[in-house]
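Residue-level structure breakdown
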Amino acid sequence: MELFKNFVFLLVLYLLQGSNTSLVRLNNNGYENVIIAIDPGVPEDEKLIEQIKDMVTTASPYLFEATQKRFYFKTVSILIPENWKENPQYKKPRLESYKHADVLVAPPALPGRDEPYTRHFTGCGEKGEFIHFTPDFVLGKKQNEYGPSGRVLVHEWAHLRWGVFDEYNEDEPFYSSSSRKIEATRCSTGISGINRAHKCQGGSCVNRTCRIDSQTKLYEKDCQFFPNKFQTEKASIMYMQSIDSVTEFCNEKNHNREAPNLQNKKCESRSTWEVISSSEDFSHTMPMVAPPPPPAYSLLKIGQRIVCLVLDKSASMGDHNRLNRMNQAAKHFLLQTIENGSWVGIVHFDSVANIRCKLIQIISSNERSKLLECLPTVASGGLSICSGIKAAFQVIRELDHQIEGSEILLVTAGEDKNVRSCMEEVKRSGAIVHSVALGPSADPAIGEMSNVTGGQYQYASDQAQSNGLIDAFRTLESANADLSQQSLQLESKSLTLENNPWMNGTVIIDSTVGKDTFFIITWNKQPPSISLWDPNGAPMGAFTVDNSSKMAYLRIPGTAKVGLWTYSLEAKINPDTLTVTVTSRATNSSVTPIKVSIKMNKDTNSFPSPMIVYAEILQGYLPILGANVTAFIESENGKTEALELLDNGAGADSLKNDGIYSRYFTTFTENGRYNLKVQAYGRTNDAIQRLKHSLNRAVHIPSWVVDGKIGGKPPSPDINEDSQTTLERFSRTASSSTFVILDVPNLPLPDLYPPSQITDLNAKSAGDEISLTWTAPGDDFDVGKVRQYIIRLSGSILDLRDNFDGAVQVNTTDLLPNEANSKETFAFKPGNISEENATHIYIAIQSVDKSNLASKVSNIAQVALFIPQADSSPDENHNLGVNISILVLSVVGSVAAVSIILSATIFIFKKRRSASTPRTSF
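Conventions adopted
- Residues numbered from 1 in each chain as written.
- Predicted model: local features only at pLDDT ≥ 70, side-chain atom pairs only at ≥ 80, totals over all residues.
- Heavy atoms only, no water.
- Helix = DSSP H or I, 4+ residues; strand = E, 2+ residues; numbered from the N terminus.
- Buried < 20%, exposed > 50% of the residue type's maximum accessible area, 1.4 Å probe, protein only.
- Contact = heavy atoms within 4.5 Å.
- Areas by Shrake-Rupley, 256 points an atom, 1.4 Å probe, with all protein chains shown as cover.
- pLDDT = per-residue confidence, 0-100.
- Pairing = 2+ DSSP bridges.
- Disulfide = S-S within 2.5 Å.
- Axes fitted to C-alpha atoms, helices over the stretch in contact; angles between N-to-C directions.
- Parallel < 35°, antiparallel > 145°, perpendicular 65-115°, else oblique.
- Left-handed = near helix turned anticlockwise from the far one by under 90°.
- Lys, Arg positive; Asp, Glu negative; His and termini not counted.
- Salt bridge = Lys/Arg side-chain N within 4 Å of Asp/Glu carboxyl O.
- Polar contact = N/O pair within 3.5 Å; in protein donor to acceptor, adjacent residues only side chain to side chain.
- Core = buried A, V, L, I, M, F, W, Y, C linked by side-chain atoms within 4.5 Å.
- Nonpolar A, V, L, I, M, F, W, Y, C, P; charged D, E, K, R; others polar.
- Expected span 1.5 Å × (residues − 1).
- Phe/Tyr/Trp six-rings, centres within 6.5 Å; stacked < 30°, edge-to-face > 60°.

Some points on the overall build of the protein chain
On a plain count of helices and strands, the protein chain comes out with 17 helices and 49 strands. When each of the 922 residues of the protein chain is scored for burial, the buried share is 56%. Put simply, of all contacts in the protein chain between residues at least 6 apart along the chain, 75% involve residues at least 24 apart. Roughly 37900 Å² of accessible area belongs to the protein chain as shown, and the carbon and sulfur atoms make up 49% of that amount.

A few points about the confidence of the model for the protein chain
A residue-level look at the protein chain finds 90% of positions with pLDDT of 70 or above and a mean pLDDT of 88. Predicted confidence for residues 1–19 stays below pLDDT 50, and this span has 27 contacts to residues more than four positions away or in other chains. Taken as a whole, residues 873–922 scores under 50 in pLDDT and shows 91 contacts with residues more than four places along the chain or in a different chain.

Let's talk about the pairing of strand E32 (residues 622–625)
Neither face of E32 is open: one carries Leu622 and Ile624, the other Pro623 and Leu625, and all of them are buried. The sheet contact formed by E32 and strand E37 (residues 688–690) spans 2 bridges and is antiparallel. Within E37, the position partnered with isoleucine 624 by the bridge is glutamine 689.

A word on the sheet that holds strand E1 (residues 25–27)
With mixed pairing, 3 strands are arranged side by side in an open sheet as E1-E2-E4. A strand with exactly one partner marks an edge of an open sheet, and here the two such strands are E1 and strand E4 (72–73). As paired elements, strand E2 (residues 30–32) and E4 share 2 bridges and run parallel to each other. Pairing of glycine 30 across the sheet is with tyrosine 72, part of E4.

Digging into the state of the cysteines
Summed over all chains, the structure comprises 5 disulfides. Through a disulfide, cysteine 210 is tied to cysteine 223; the S-S separation comes to 2.0 Å. Looking along the S-S bond of the cysteine 210-cysteine 223 disulfide, the torsion reads about 80°, which is the right-handed sense. A residue pair is termed long-range when its members are at least 10 positions apart, and cysteine 210 in the loop between strand E12 (204–209) and strand E13 (223–227) and cysteine 223 in strand E13 qualify at 13 residues. Each of the two residues, cysteine 210 as well as cysteine 223, counts as buried. Shown here is the disulfide that connects cysteine 386 with cysteine 422, its sulfur atoms set 2.1 Å apart. Linking cysteine 386 and cysteine 422, the disulfide has an S-S dihedral of approximately -85° and is accordingly described as left-handed.

Some thoughts on the packing of helix H2 (residues 46–66) against helix H5 (residues 149–162)
In contact at an axis separation of 8 Å, H2 and H5 are set at 65° when each is read in the N-to-C sense. Overall, the two elements H2 and H5 adopt an arrangement that is roughly perpendicular. Crossing of H2 over H5 shows right-handed handedness. The segment H2 lies against H5, with Met55, Val56, Thr58, Ala59, Tyr62 and Leu63 engaging Ser149, Gly150, Arg151, Leu153, Val154, Trp157 and Trp162.

Considerations on the side chain of arginine 151
Within the element layout of this structure, arginine 151 appears in helix H5. Of the buried charged residues, arginine 151 lacks a salt bridge, with aspartate 244 as the closest side chain of opposite charge at 5.2 Å. Setting aside its immediate chain neighbours within four residues, arginine 151 contacts Tyr62, Gln241, Ser242, Ile243, Asp244, Val246 and Thr247.

A short note on the environment of lysine 677
Residue placement: lysine 677 occurs in strand E36 (residues 672–682). Given the relative accessible area of 14%, lysine 677 is considered buried. Sequence spacing of lysine 677 and aspartate 471 is 206 residues, and the spatial spacing of their C-alpha atoms is 8.3 Å. Within the structure, lysine 677 has its side chain in polar contact with the side chain of serine 492 (distance 3.1 Å).

Points about the nonpolar core
Trp157 and Phe249 are the most contacted members of the largest nonpolar core, which has 69 residues in total. At 9 residues, H2 tops the list of elements feeding residues into this core. In contact with phenylalanine 249, other than residues within four places in its own chain, are Ala66, Thr67, Val154, Ala158, Trp162, Ala235, Ser236, Ile237, Met238, Thr272, Trp273 and Ile276. In this structure, Ile594, Ile598, Ile612 and Val744 belong to the second largest nonpolar core, which totals 38 residues.

Observations regarding the pairing of strand E17 (residues 353–361)
When strand E16 (residues 343–349) meets E17, the two strands line up antiparallel, connected through 6 bridges. Following the sheet pairing, valine 344 is matched in E17 by isoleucine 360. With antiparallel pairing between neighbouring strands as the criterion, E16 and E17 make up a hairpin whose turn holds 3 residues.

Looking at unusual backbone geometry
Put simply, cysteine 187 and serine 188 share a cis peptide bond, and its omega is 5°. Take serine 188: it is sitting in the loop between strand E10 (182–184) and strand E11 (193–201). Of note, lysine 217 is a non-glycine position whose phi angle comes to about 65°, a positive value. Tracing the backbone shows lysine 217 in the loop between E12 and E13. Accessibility expressed as a relative area gives 36% for lysine 217, which makes it partly exposed. For asparagine 657, which is not glycine, the phi torsion reads 55° and is therefore positive.

With respect to the environment of leucine 309
Counting through the fold element by element, leucine 309 comes out in strand E15 (residues 306–312). For leucine 309, a relative accessible area of 0% translates into the label buried. Setting aside anything within four residues of it in sequence, one finds leucine 309 in contact with Ala330, Phe333, Leu334, Val344, Gly345, Ile346, Val347 and Leu409.

Remarks on the sheet that holds E13
Pairing is antiparallel across the open sheet formed by 3 strands, whose spatial order is E12-E11-E13. Each end of this open sheet is capped by a strand with a single partner; those strands are E12 and E13. Geometrically, the sheet is characterised by an average inter-axis angle of 50° between neighbouring strands, direction not taken into account.

Section: the pattern of salt bridges
In this structure the tally under the stated criterion is 39 salt bridges. Residue lysine 265 is joined to glutamate 172 by a salt bridge in which the shortest nitrogen-to-oxygen separation is 2.4 Å. Here the residue lysine 265 occupies a position in helix H7 (residues 262–266), and glutamate 172 occupies one in the loop between H5 and strand E9 (174–176), the gap between them amounting to 93 residues. A relative accessible area of 31% places glutamate 172 in the partly exposed class. Linking lysine 561 and aspartate 534 is a salt bridge whose minimum nitrogen-to-oxygen distance equals 3.4 Å. On the criterion of sequence distance, the pair formed by lysine 561 in the loop between strand E26 (551–555) and strand E27 (563–570) and aspartate 534 in the loop between strand E24 (529–533) and strand E25 (544–546) is long-range, its members being 27 residues apart. Taking the relative accessible area as the measure of exposure, aspartate 534 reaches 6% and is therefore buried.

Some points on the packing of helix H10 (residues 322–337) against helix H11 (residues 365–372)
For the pair H10 and H11, the least separation of the axes is 9 Å and the interaxial angle reads 170°. Relative to H11, the element H10 is oriented roughly antiparallel. Side by side, H10 and H11 meet where Lys331, Leu334, Leu335 and Gln336 of the first sit next to Arg368, Leu371 and Leu372 of the second. Looking at the contact of H10 with H11 residue by residue, the class counts come to 4 nonpolar, 1 polar and 2 charged.

What about helix H12 (residues 385–399)?
Residues separated by three or four positions in an α-helix point in the same direction, a consequence of the helix having 3.6 residues per turn. A rise of 1.5 Å per residue sets the reference length of H12, with its 15 residues, at 21 Å; its end C-alpha atoms lie 22 Å apart and thus fit the reference within 8%. Within H12, the full set of buried residues consists of Ile385, Cys386, Gly388, Ile389, Ala391, Ala392, Phe393, Val395 and Ile396. Close packing links the buried residues of H12 with E15, E16, E17, strand E18 (407–412), helix H13 (423–429) and helix H14 (445–453).

Here we look at the packing of aromatic side chains
Per the counting criterion, the structure on display carries 24 aromatic pairs. Between tyrosine 31 and phenylalanine 73, the ring centres sit 6.4 Å apart and the planes meet at 45°, which makes this aromatic pair tilted. Placement of tyrosine 31 in strand E2 and of phenylalanine 73 in strand E4 is noted, with a sequence separation of 42 residues between them. Taken as a pair, tyrosine 31 and phenylalanine 73 share a single burial class, namely buried. On the basis of an interplanar angle of 40° and a centroid distance of 6.1 Å, the ring pair of phenylalanine 519 and tryptophan 565 is categorised as tilted. One end of the pair, phenylalanine 519, is in strand E23 (residues 513–522); the other, tryptophan 565, is in strand E27, and 46 residues separate them in sequence. Like phenylalanine 519, the residue tryptophan 565 is buried in the burial classification. Each member of the aromatic cluster is reached from another via a ring pair, and the members are Tyr31, Phe71, Phe73, Trp157, Trp162, Phe249, Trp273 and Phe282.

This is how it looks when you write it as structure tokens:
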């Protein structure tokens, strides 16, 4: 028996391994199955399709040369919305969907905001989510602002595929370089240009020499770097691919490690080419000799959704209230989740299959009610999963001779030794099989069916207090439906009532939802008394009670009122378990509702490797900040752990204030399958809509410099750094696919987790002190409190990065660590450092926990040891005789202190520099 369990578990591991949203595969240097999807909100325009082709066709050879003849675009599918007119060239998609899209052509996040960008959840070297291009950008209307679309596609593809970051930084556009000059943040520094405060109003533009800010000692806020139109420098694509001469990524030789850009901060000062060269793609290819062929295109038009429910009614469904729970979930799916216009059929199976409902198109509530009558009522008999699948094929063929692209929703609780007899037929059919394993005995082969057909695999435990089965069905919304048509989950709660018979709560309905609002209540033993009041305190009408399925539901007519809805349930017998699920749709198709999307970093994991939970909150493409986000992770045996997710740019969270809330999950208690559910709440005046430009995007080209003059160009959309919109209160709930944890040892678990890496270390010089700030890590990644901090510094950024333990250590005796995710501050007085040619102090931190486990070394912060020299200009009288400060660094232990005397005038520095490296043209 134990051997069988191990076999089953290893099989599940195989089934779930390597699942990824993108369908892209690298085959003989060519990227296949690239999906470019046109959003249903984009007006029909056949020119858009041709321009997409032109964009990819020009991008492919540019990518090929930029990657030293390694990669090109081989096959591309263009996904066309259902609401566009038919065309004989359009074929039917199979797995291709908005969910799998690598590039979305969609309306801008805000009117006039046509910036191309890549949505990226994770860290350096890890794949992104999708690229967002607007129709105007693809149609070539924004080429003056962002450059040729093919080149921009390569810039964004590097974000998406290889997890590299931008080499400019509009938040820190200038820095103090080792040349003792103020330099523009760029890579490489061979890109020449001028620094000017440039303003245009009406039809005229005025520019002047930049002034130095007295606080930052860098250029004023209005100062910009304007590149020369004509260059010879070839790098870098991740800085400004729109420069004609730029055809390469920065490499180890020409990479600017000093620049305060995201590439340096997130990738340990490695160049983009170093990150790309360490990718899985790179390791599986060799340079090509011949040039690549042009990309091949497929035009795929989304059609009506076809779904067949294949429901287990065998004897195993009679245990643990499974049949009722399956019917509860199926009824909610049929009444609310499945979109209007979809075709739905129902098949029952035990040892044989029975077609209960042929495909019916859902147009109104009448069709939904008819489908409810087709659900099973009795559990008995043996089990033949293949019989159910083959019956579903028969149902689908009666409507459409092609099964390809249709969906099968398979639910089973039992084991079937013959299930593999139809596996090849299922693969060949082209159908997408979503499977739900109900209870621990469900055959693991159904997970393999989902894996090989591109469907979802879900596990629902037998625990009475869980409404996980309803949540599992909820995840099976259409991957291609317009968001305005999708059912959004506002609430999902369950409670086992023992001494207290009451379950009371509230549900927030915000103004972006309210249409087709649906409340569903379930119980295990007896129907409770149910009361529901709208925000004005008016009681709602009676619920429809379905005693056979132990559920009651109510659809709010018209548009539900905005505000706080209150419910009160009283159990009639103790103990009993009650659940509440509330869903709604967008009130207005022109107002995008707030939506939560969630995922884990892996589908399968082995202890002690940590898992990461991600929750993204967006309204359209605008991030929502300031929400309270909690993940609930349920194990196979029903144990649930709550985990607060954060958007603070620390620990597991890659970028601060990007609307992606993250956290490490390490408290594994058992081997097996886990389910994830996330609840997000936004309180009035707390949640805000972030209007600032997206990170990981193509830079807006400033005006070019030609013959020393700044040419006219459309200005960048003027978005104030603090621009934001305060939101009303809202609530959302989201569930994800099942994930698996293996190799968990018996309790108590050993301490194997170090503190998380500090990624937001910042240093400033204040008088005779250096002040440091960072976010506190925890004893186990981002939980608890570290035992101590080790702070070291050096005059060389590479020495500090590559030999942290050999660098000068700062005395931190008085530094007492705070709890994880708190803000840490520490100031120290500098002193002597033995670096003869040092121009900066470079500082990094390592954390150590109570088990003496050390974190990775933090990002490297820097402080200049001089006042940087501004550009010489005839209209500015710069002081060229400013003395550079003498800093004395205190050290720990017996490290020898050798004084570095940096007192020198800018004049002396200029004299030395003129005899060494040539000066960058400005």
